[in-house]
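# Descriptive structure summary
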Amino acid sequence: MTLRRLPRAFSPLLLTLLTTQFGTSHAAERDGVRDEIARQDLALIQDQLAQIQRIVDRLESRVGEFDPDTTRVFLDVPRLRHDLEAVAEGIDDVLAPPRLPPRQPAPLAGDYLRELR
């Protein structure tokens, strides 16, 4: 049966139903792909942060070599390290959110018999 044989009143309804069904599954699939791409991007940022932290370690080892009489600006390594750790922890929280603690079930009464009066 083609759409030409259907009454005109059914065509918009059929079109709406088909669009809703395929649109919903496509949107869910698209969101899943977006989530996976976002997870990959965040994992890439984590790798880059690890590289930056190694560079900060090298910089920290050379901070003592600077002459305070000739150098006006010093790298604040502890503050930089703190900020990098905060960003890394934020990404970790997004990639692996903490699990909720198990719910405590409500106590059961246990007495299901009742006397008739």
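Quick look at the structure, then. The structure presented is a predicted model; accordingly, all values stated were derived computationally and were not measured. (Residues numbered from 1 in each chain as written. Predicted model: local features only at pLDDT ≥ 70, side-chain atom pairs only at ≥ 80, totals over all residues. Heavy atoms only, no water.)

The subject of this paragraph is the overall build of the chain. Counting its regular elements, the chain contains two helices and zero strands. Considering the chain as a whole, with its 117 residues, one finds that 6% of them fall into the buried category. In the chain, once contacts between residues fewer than 6 apart in sequence are set aside, the share between residues at least 24 apart is 68%. Accessible area of the chain: about 11,200 Å², with a carbon and sulfur share of 59%. (Helix = DSSP H or I, 4+ residues; strand = E, 2+ residues; numbered from the N terminus. Buried < 20%, exposed > 50% of the residue type's maximum accessible area, 1.4 Å probe, protein only. Contact = heavy atoms within 4.5 Å. Areas by Shrake-Rupley, 256 points an atom, 1.4 Å probe, with all protein chains shown as cover.)

One pass over the structure, following the stated rule, counts three salt bridges. A salt bridge links Glu 60 to Arg 81, with the nearest nitrogen and oxygen atoms 2.7 Å apart. One end of the pair, Glu 60, is in helix 1 (residues 10-63); the other, Arg 81, is in helix 2 (residues 77-95), with 21 residues separating them in the sequence. What makes Glu 60 partly exposed here is its relative accessible area of 39%. On the basis of relative accessible area, Arg 81 is assigned to the partly exposed category, the value being 21%. Arg 79 is the partner of Asp 76 in a salt bridge, and the nearest nitrogen-oxygen pair spans 3.5 Å. Residue classification places Asp 76 among the partly exposed residues on the basis of a relative accessible area of 37%. The network of salt bridges with shared partners includes Asp 57, Glu 60 and Arg 81. (Salt bridge = Lys/Arg side-chain N within 4 Å of Asp/Glu carboxyl O.)

For the rest of this paragraph, the subject is the nonpolar core. Among the nonpolar cores identified, the biggest contains seven residues, and these are Leu 49, Val 56, Val 77, Leu 84, Ala 88, Ile 91 and Leu 95. Listing elements by their share of this core, those giving two or more residues are helix 1 and helix 2. The dominant element in this core, judged by the number of residues it contributes, is helix 2, at five residues. Beyond its immediate chain neighbours, meaning those up to four positions away, Leu 49 contacts Leu 84, Val 87, Ala 88 and Ile 91. (Core = buried A, V, L, I, M, F, W, Y, C linked by side-chain atoms within 4.5 Å.)

A separate point is a nonpolar patch on the surface. Residues Ile 55, Leu 59 and Leu 75 make up a contiguous nonpolar surface patch of about 220 Å² in total accessible area. Mapped onto the secondary structure, Leu 59 falls in helix 1. (Patch = residues over 30% accessible without salt bridge, like charges linked within 9 Å, V, L, I, M, F, W, Y side chains within 5 Å.)

This next bit is on helix 2. The terminal C-alpha atoms of helix 2 lie 27 Å apart, and with 19 residues this matches the ideal 27 Å at 1.5 Å per residue to within 8%. All of the buried residues along helix 2 are Val 77, Leu 84, Ala 88, Ile 91 and Leu 95. For helix 2, the angular spread of buried residues about the axis comes to 65°, placing them on one side. Helix 2 presents Pro 78, Arg 79, His 82, Glu 89, Asp 93 and Val 94 as exposed residues on the side facing more than 90 degrees away from its buried surface. (Expected span 1.5 Å × (residues − 1). Arc of directions from axis to C-beta.)

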